[in-house]
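Residue-level structure breakdown
Each chain, written out:
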Amino acid sequence: MSFFFGMFVGLTIGIGLIVAFARYEKIRSSRRAHLAKTVASFARMTVQDSRKILPNQFYPPWVVFSQRQKLVWLNLQLKKIWPFVDEAASELIRTSVEPILEQYTPAILSSMKFAKLTLGTVAPQFTGVSIIETESGAGGITMELELQWDGNPNIVLNINTRVGVALPVQKDLDFTLKVVGGDISTIPGVSDAIEETIRNAIEDSITWPVRKIIPILPGDYSDLELKPVGTLDVKLVQAKDLTNKDIVGKSDPFAVLFVRPLPDKMKTSKTINNQLNPIWNEHFEFIVEDASTQHLTVRVFDDEGVQAAEFIGCAQVALKDLEPGKVKDIWLKLVKDLVVQRDTKYRGQVHLELLYCPFGTESSFKNPFNPDFSLTSLEKALKSITIETEAADLERATSQRKRDVIVRGVLSVTVIAAENLPAVDFMGKADPYVVLIMKKSETKAKTRVANETLNPVWNQTFDFVVEDALHEMLILEVWDHDTFKKEKIGRCLMTLTRVLLEGEVQECFQLDGAKSGKIFIHLKWSPQLVFRDA
């Protein structure tokens, strides 16, 4: 009996275990299927889906959503083909750069040719690629490639001077010069000439053009090439607080301006002797090929006579920041280097007026830098009549030329008031008055003296006859009147560009050379004509 009871219990327990195991396997299979579905759902998720599920504050710090992708596969292939790329690229650089070097060659050198040019054995590495969606239009995709190259290039230039001396110069990519078998510093002027030539050539060839057209199929792609798009008018007004480079006396500053560092496209101002606050008031014009990427660069030097000019500082402004047809008045801080700005030493500031006019829009913009702008409608008519009649009616043209326009217009200056002037008297007051000077014509006027006040009110108007408004400047000097001596408090100066454009301007100017203080003035421009017989 006990045997059958044991068999029954054993069978019951065995069947129970089998049923439990089967049920467990079913539940486990169901869980694995559900997990597989969940994993598949996560695999189909996008970055946007994940951001909807969890806010940013719940992400661990190592989670970064980025569109940047690595290019390991491309680096492996580039490493294999690099010897062939090096050979082809070196020949391409030689044939394209040597003509550019010839354009930059200064007078002291006769020729610059590559004796050796190889990019080395180390291939560059692409560290990442990303798609810039904000700049990608409907007709294309904008991609940003990150490139790192710790290469070992070997570039040797053969440089022949006018005196027949050949200098094999090794040029590293960090822009340092090394003469093979000699010391270049022993040849006066040659080192600076070579360094500047190579630097400008490399800078221009790398930064321009910013678009390379590579034809895949035969055809005319000239419409895709970058072409001149407009003109940039620059008025170099002044500089202030320049670093003194002379041991005795003050620096003799001049400025070099350019959009592209080509010798025939660089403009040089006149030299202002013994002055750290020079006033140039010169106008230059540049051709703009690509307003979205190009810059205007200003370099200020100290003229050392027969020696090489000493660098004071440089500044740069992006043309994309200029509004077409609108004059931009800007002060730029001078720095030692535009790329690596480690030197925090103050080198001074330069004052510019900029006007960018795209081609085809000249008639819709009012350009005060245009030579015909300062001409009134009557003068323009006289000018056109003179041109027309030179061939047709010489007698009438001669009679017209007997009448000579001697006045361009009248500038009315109202000196309104000043505020917060520094105290110069022992009693903590001042007796200020203003001297008005037209720089080119040297015409002067002055206000009455406001006694014992730091916030004087004058409300006096002065009229100045201006013959060349484009190159004229107004200087306001604030002085303290005293019985025994007169002390200069400060000054401000301005061009007439804005009043020429707007006709009437009321402005507040800070006083240069003063601890505090500002002056309020009102300007009005009235074009007029006065004739006289020749």
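Naming follows an unreviewed UniProt entry, where the protein appears as Synaptotagmin-4 isoform X2 of Durio zibethinus. Annotation of the protein in UniProt includes, under Function (unreviewed entry), the sentence "May be involved in membrane trafficking." Listed under Sequence similarities (unreviewed entry) in UniProt, the entry text for the protein is "Belongs to the synaptotagmin family."

The next subject is the overall build of the protein. The secondary structure content of the protein amounts to seven helices and 24 strands. The proportion of buried residues among the 534 residues of the protein is 36%. Partitioning the contacts of the protein with sequence separation of at least 6, the portion at a separation of at least 24 is 62%. When the accessible surface of the protein is totalled, it reaches about 32,700 Å², and 56% of it is carbon and sulfur.

Let us look at unusual backbone geometry. Even without glycine at this site, Glu 442 takes up a positive phi of about 60 degrees. By the element assignment, Glu 442 lies in the loop between strand E17 (432-438) and strand E18 (443-446).

Under the criterion given, the structure shown has six salt bridges. One salt bridge in this structure joins Lys 270 and Glu 282, with 3.5 Å as the shortest N-O distance. Placement of the pair is Lys 270 in the loop between strand E9 (267-268) and strand E10 (279-288) and Glu 282 in strand E10, with a sequence separation of twelve residues. Given a relative accessible area of 41%, Lys 270 falls into the partly exposed group. Take Glu 282: its relative accessible area is 17%, and that puts it in the buried class. With its nearest N and O atoms 3.6 Å apart, the salt bridge here joins Glu 477 to Lys 488. You can see Glu 477 sitting in strand E20 (residues 473-480) and its partner Lys 488 sitting in strand E21 (residues 487-495), a full eleven residues away along the chain. Where salt bridges share partners, they join Arg 498, Glu 502 and Glu 507 into one cluster.

Looking now at the sheet that holds strand E22 (residues 504-510). A sheet is described by the order of its strands in space; here four strands give the open sequence E19-E16-E23-E22, paired in antiparallel fashion. For this open sheet the edge positions go to strand E19 (457-466) and E22, each flanked by a neighbour on one side alone. Ignoring which end each strand starts from, the neighbouring axes of this sheet average 20 degrees apart.

For the structure shown, the criterion picks out three aromatic pairs. With a centroid separation of 5.6 Å and an interplanar angle of 20 degrees, the aromatic rings of Phe 254 and Phe 301 are classed as stacked. With Phe 254 in strand E8 (residues 253-258) and Phe 301 in strand E11 (residues 295-302), this residue pair connects regions lying 47 residues apart in the sequence. Here the two residues Phe 254 and Phe 301 agree in accessibility, since each one is buried. Accessibility expressed as a relative area gives 17% for Phe 301, which makes it buried.

Quick look at helix H1 (residues 2-43) now. Between its first and last C-alpha, H1 extends 61 Å over 42 residues, near the 62 Å set by a 1.5 Å rise per residue. Burial of H1 is sparse: only zero of the 42 residues sit out of reach of the surface.

Below, the discussion takes up the sheet that holds E17. By definition, the strands of a sheet pair up through backbone hydrogen bonds, in either a parallel or an antiparallel sense. Read from one edge to the other, the open sheet built from four strands follows the order E18-E17-E20-E21, with strand pairing classed as antiparallel. In this open sheet, the two strands that pair with only one neighbour each are E18 and E21. Pairs of neighbouring strands in the sheet enclose a mean axial angle of 20 degrees, with direction left out of account. In the sheet, E17 pairs with E18 via four bridges, with the strands oriented antiparallel. Bridging from a neighbouring strand, Met 438 pairs with Thr 443 of E18.

Let us look at the UniProt feature "transmembrane region" (unreviewed entry) in the protein. Following the UniProt record, the feature "transmembrane region" (unreviewed entry) maps to residues 6-24 here. In the segment residues 6-24, helix accounts for 100% and strand for 0%; the C-alpha atoms at its two ends are 27 Å apart.

A contiguous nonpolar surface patch, about 670 Å² in accessible area, is contributed by Phe 3, Phe 4, Met 7, Leu 11, Ile 15 and Val 19. Mapped onto the secondary structure, Phe 3 falls in helix H1. In this structure Phe 3 comes out as exposed when scored by relative accessible area, which is 56%.

Take the environment of Gly 230 next. Topologically, Gly 230 is positioned in strand E7 (residues 230-240). When the C-alpha positions of Gly 230 and Tyr 356 are compared, they lie 7.1 Å apart, and in sequence the two are 126 residues distant. Once residues within four sequence positions are removed from consideration, Gly 230 is found in contact with Phe 286, Ile 287, Val 288, Tyr 356, Cys 357, Pro 358 and Phe 359.

With respect to the secondary-structure elements, Pro 153 resides in the loop between strand E3 (143-148) and strand E4 (154-161). By relative accessible area, Pro 153 is classed as partly exposed at 24%. Pro 153 sits 33 residues away from Gly 120 along the chain, and the two C-alpha atoms are 4.4 Å apart.

The next thing to look at is the nonpolar core. Grouped together as the largest cluster of nonpolar side chains are 30 residues, with contacts concentrated most on Leu 411, Leu 436, Leu 474, Leu 476 and Ile 519. At the level of elements, strand E16 (409-419), E17, E19, E20, E21, helix H7 (497-502) and strand E23 (518-527) are the ones that each hand at least two residues to this core. Grouped together as the second largest cluster of nonpolar side chains are 29 residues, Phe 286, Leu 296, Ile 330 and Leu 352 included.

What follows deals with the side chain of Gln 294. Among the secondary structure elements, Gln 294 is positioned in the loop between E10 and E11. Residue class for Gln 294 comes out buried when judged on its relative accessible area of 6%. Polar contacts involving the side chain of Gln 294 include one to the main-chain amide nitrogen of Asp 290, which spans 3.0 Å.

Rules used throughout
Residues numbered from 1 in each chain as written. Predicted model: local features only at pLDDT ≥ 70, side-chain atom pairs only at ≥ 80, totals over all residues. Heavy atoms only, no water. UniProt positions renumbered as here; feature names shortened; annotations may be inferred. Helix = DSSP H or I, 4+ residues; strand = E, 2+ residues; numbered from the N terminus. Buried < 20%, exposed > 50% of the residue type's maximum accessible area, 1.4 Å probe, protein only. Contact = heavy atoms within 4.5 Å. Areas by Shrake-Rupley, 256 points an atom, 1.4 Å probe, with all protein chains shown as cover. Salt bridge = Lys/Arg side-chain N within 4 Å of Asp/Glu carboxyl O. Pairing = 2+ DSSP bridges. Axes fitted to C-alpha atoms, helices over the stretch in contact; angles between N-to-C directions. Phe/Tyr/Trp six-rings, centres within 6.5 Å; stacked < 30°, edge-to-face > 60°. Expected span 1.5 Å × (residues − 1). Patch = residues over 30% accessible without salt bridge, like charges linked within 9 Å, V, L, I, M, F, W, Y side chains within 5 Å. Core = buried A, V, L, I, M, F, W, Y, C linked by side-chain atoms within 4.5 Å. Polar contact = N/O pair within 3.5 Å; in protein donor to acceptor, adjacent residues only side chain to side chain.

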